[in-house]
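Residue-level listing of the chains:
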Amino acid sequence: MTTDSADAPPSARVRPPSAAPAPAGAAVRPPRGPARETLPPPRPGRGQRRRAAAPLLAADALATAGVALPVLGAGTAPLALGPMVLGLLLLHSRAGLYRPGPAPSLLGALPALLGRAAVCWCAAAAVLAAVHPAQALPPALLAGAVAGHTTLVCGARALVHRARRAAARRRPRATLIVGPDPAARQLAAVLRARPEYGMRPVGLVAAGASAVAGAGEPPGDAGPPRLTSPQDITQAVIRHTVRDAVFTVPPHRDPHTAALLRRFIDQGSAIWLAGAAATLEGHPPPSAGHLWGFACRRLDTDPPRHGGTGKRALDLVLAAVALVVTAPVLLVCALAVRLADGPGVLCREEHLGRGGRGFPLLTFRTVRPCAPGDGGEADGGHPSRVGRLLRRTRAAGLPRWWNVLRGELSLVGPAPERPAAAERYLRSCPEYGARHRMAPGLTGLAQVHGLRGGSPVADRARFDNLYIDTWSWGQDLRIVLRALARPPRRAGR
């Protein structure tokens, strides 16, 4: 895959500009909605981790109940069972026992299971002795409860692992492998030969120097194809419903691999680290397992929070209020532009939104109408007297609240970009495409730090991705306050 656009969303299919731009003075109607032909890929892996943990949670809870009822007795067990089960599940979760690898080892998890069973039972025995001294558990019975509990948990987990391996053989999940040859092809060959791991390689994605070199497809039936473009990755994800991405190199090794990691996380794929890199990225959980000799661990990567319906609801409320409150100002500005500079009050320029969908960004026209064929405002024509006033007072951007109301813009987010500029930036900055994961905003983290159109694209992309990766309501509030505190820009700046 060429790394200069490694993280380009399906938006990499940027729509070409029209052959003849509309004159600046042409009448502009409100947009009828964003383009639908460049929707982002589905997120097939969302919730996969919970489904994988649910059988193990049930097995541990049933095993605990099966031992606690006969040991504690009918009078004490109902009261102690709830805290015991909850405490054990929390201890197992902290130890990573509910994040199983593709082929978890029960013997490898045995020390962790035994130790946490002992802690749970010792705590229960101590509380029981303090509350009811006459019902204190003798040491022999306590040791037997720990041993029986561990044995029952191991047996229940063995049944879960066996059922999971059988299901994996029947329906292995489509998987993309990220890394250079020959390690990636060796791992792909292992997964194809051993379906019990539950992964079916459907493509290899180059990373780092390999991507720059542009490795091609292997001759004959030597394995899955090499995906060499963002479109190839998007098509593979949609066609095969890719659920797993296996990295054979550290995912944060370089900007190109980090861009791929962001892409897979946002799609909801399970992220695995296999090979020598897995042993260098920290200690795997006890149940991590391996892929036929390849060390393997699952990266705990949750998809970034994009605000969801809460952020959208706030945008709707604020946009509706802003349009009502500023309606007199909008009317005065529209009349001033119409009387001073002629027909064509609004300027409608194509920009890219979330997922790379195009939408018309609305502003008041600030330049005089140009002759047919002239570039007009899109080419930076000379602003009129009214236009300079609108720019200086920021009133030129008031119609953008209509874009917010329609969902094409948000209050806070990355700055919207024109398609031609976005296509150019994708070729020079591998992390640029990841900023399309969120709807663009009226203001954003990059804008309040002074990074605008003339700033280095790498800096703007870094700030935009930082905002998306660390989104929170508090951060949005701080950005809005900083944007309101910034003095108005002079015309032309």
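Numbers given to residues run from 1 along each chain, matching the order in which its sequence is written. Where totals are concerned, whole chains, interfaces and linings use all residues; where local detail is concerned, this predicted model gives features only for residues with pLDDT of at least 70, and gives and counts side-chain atom pairs only at 80 or more. To get the side-chain values, all heavy atoms of the structure are used, and hydrogens and water are removed first.

With respect to helix H7 (residues 255-266)
Between its terminal C-alpha atoms H7 stretches 16 Å, which fits the 16 Å expected from twelve residues at 1.5 Å a residue. When you tally the buried positions in H7, you get eleven out of twelve residues, the bulk of the element. Residues of H7 that are buried include every one of His256, Thr257, Ala258, Ala259, Leu260, Leu261, Arg262, Arg263, Phe264, Ile265 and Asp266, and no others. Whether two residues are in contact is decided by their heavy atoms: any pair within 4.5 Å suffices. Secondary structure follows DSSP: runs of H or I at least 4 residues long count as helices, runs of E at least 2 residues long count as strands, and numbering of each begins at the N terminus. Looking at the packing, one finds that the buried side of H7 touches strand E1 (173-178), strand E2 (199-205), helix H6 (230-240), strand E4 (244-247), strand E5 (270-274) and helix H15 (457-469). What a helix is expected to span follows from its residue count: subtract one and scale by 1.5 Å. For every residue, the accessible area obtained with a 1.4 Å probe (protein chains only) is divided by the maximum for its type, and the residue is called buried under 20%, exposed over 50%, and partly exposed between those limits.

Regarding the sheet that holds E1
Two strands pair under a simple rule: DSSP has to find at least two bridges between them. Across the sheet, which stays open at both edges, the seven strands sit in the order E3-E2-E1-E4-E5-E7-E6 with mixed pairing between neighbours. Since the sheet does not close on itself, it has two edges, and those belong to strand E3 (226-227) and strand E6 (290-291), each with one partner. Relative to E3, E2 runs parallel, the two being bridged by two bridges. Counted as the bridge partner of leucine 204 is arginine 226 from E3. Every axis in this analysis is a line fitted to C-alpha atoms, fitted for helices over the stretch in contact. Angles between the N-to-C directions lie between 0 and 180 degrees. Its contacts with the sheet put H6 on E1, E2 and E3, and the angle it makes with E1 is roughly 160°. Most of the contacts of H7 go to E4, to which it runs at about 160°, and overall it touches E1, E2, E4 and E5.

Overview of the pairing of E4
Burial along E4 is two-sided: Asp244 and Val246 facing one way and Ala245 and Phe247 facing the other are all buried. Bridging between E1 and E4 involves four bridges; their strand directions are parallel. Note that in E4 the partner of valine 178 across the bridge is phenylalanine 247. A crossover counts as right-handed when, viewed with the strands pointing away from the observer, the path leading from the first strand over the helix to the second turns clockwise. This β-α-β element, E4 to H7 to E5, shows right-handed connectivity.

Some remarks on a nonpolar patch on the surface
Side chains of Leu107, Leu110 and Leu114 sit close together on the surface and give an oily, nonpolar patch of about 280 Å² of accessible area. Within the secondary structure, leucine 107 sits in helix H2 (residues 106-131). Under the relative-accessibility criterion, leucine 107 is labelled exposed at 68%. Like-charged residues within 9 Å of one another, or nonpolar side chains (Val, Leu, Ile, Met, Phe, Trp, Tyr) within 5 Å, are grouped into patches, provided each residue has over 30% relative accessible area and no salt bridge. Note on areas: Shrake-Rupley with a 1.4 Å probe; residue coverage comes only from the protein chains shown. The term salt bridge refers to a side-chain nitrogen of Lys or Arg lying within 4 Å of a carboxyl oxygen of Asp or Glu.

Description of the side chain of glutamine 475
Tracing the backbone through its elements, the reader meets glutamine 475 in helix H16 (residues 473-485). Within polar-contact distance, the side chain of glutamine 475 engages the backbone oxygen of threonine 470 at 2.9 Å. Any pair of N or O atoms that falls within 3.5 Å is considered a polar contact. Within protein, one atom must be able to donate a hydrogen and the other to accept it, and sequence-neighbouring residues count only if both atoms are side-chain atoms.

Considering unusual backbone geometry
The general pattern is negative phi for most residues beyond glycine and trans for most peptide bonds. The residue after aspartate 181, namely proline 182, is reached through a cis peptide bond having omega 5°. The residue threonine 241 is not glycine, and still its phi comes out positive at about 50°. In this structure, threonine 241 sits in the loop between H6 and E4. For threonine 241, a relative accessible area of 37% gives the class partly exposed.

Brief notes about the nonpolar core
Of all hydrophobic cores here, the largest spans 27 residues; its most connected members are Phe364, Leu390, Trp401, Tyr467 and Ile479. Of all the secondary-structure elements, those providing two or more residues to this core are helix H9 (308-325), helix H10 (327-341), strand E9 (358-364), helix H12 (400-406), strand E10 (410-412), helix H14 (445-448), H15 and H16. One finds Ala174, Val237, Ile271 and Ala278 within the second-largest nonpolar core, a separate group that totals 23 residues. As used here, the term nonpolar core means buried Ala, Val, Leu, Ile, Met, Phe, Trp, Tyr and Cys residues forming a set that is joined through side-chain atoms within 4.5 Å.

Remarks on the pairing of strand E7 (residues 294-298)
Within E7, four of the five residues are buried, leaving the element largely enclosed by the surrounding structure. Where E5 meets E7, three bridges bridge the pair, whose relative direction is antiparallel. Each residue of the ladder has a partner; that of tryptophan 272, found in E7, is arginine 298. Here two bridges tie E6 to E7, and the two strands are oriented antiparallel to one another. Bridge pairing in E7 places histidine 290 opposite alanine 295. Taking the residues that link successive antiparallel strands as the turn, the E6-E7 hairpin has two residues, and the phi of tryptophan 292 there is positive, at about 50°.

A closer look at H2
Between the first and last C-alpha of H2 there are 36 Å, a value that for 26 residues agrees with the 38 Å anticipated at 1.5 Å per step. Of all the bends in H2, the greatest, near 25°, is centred on alanine 112. Of the positions making up H2, those classed as buried are Ala109, Ala112, Leu113, Ala117, Cys120, Trp121, Ala124, Ala125 and Leu128. Note on bend: at a given residue it equals the angle between the axes fitted to the 7 residues ending there and to the 7 starting there.

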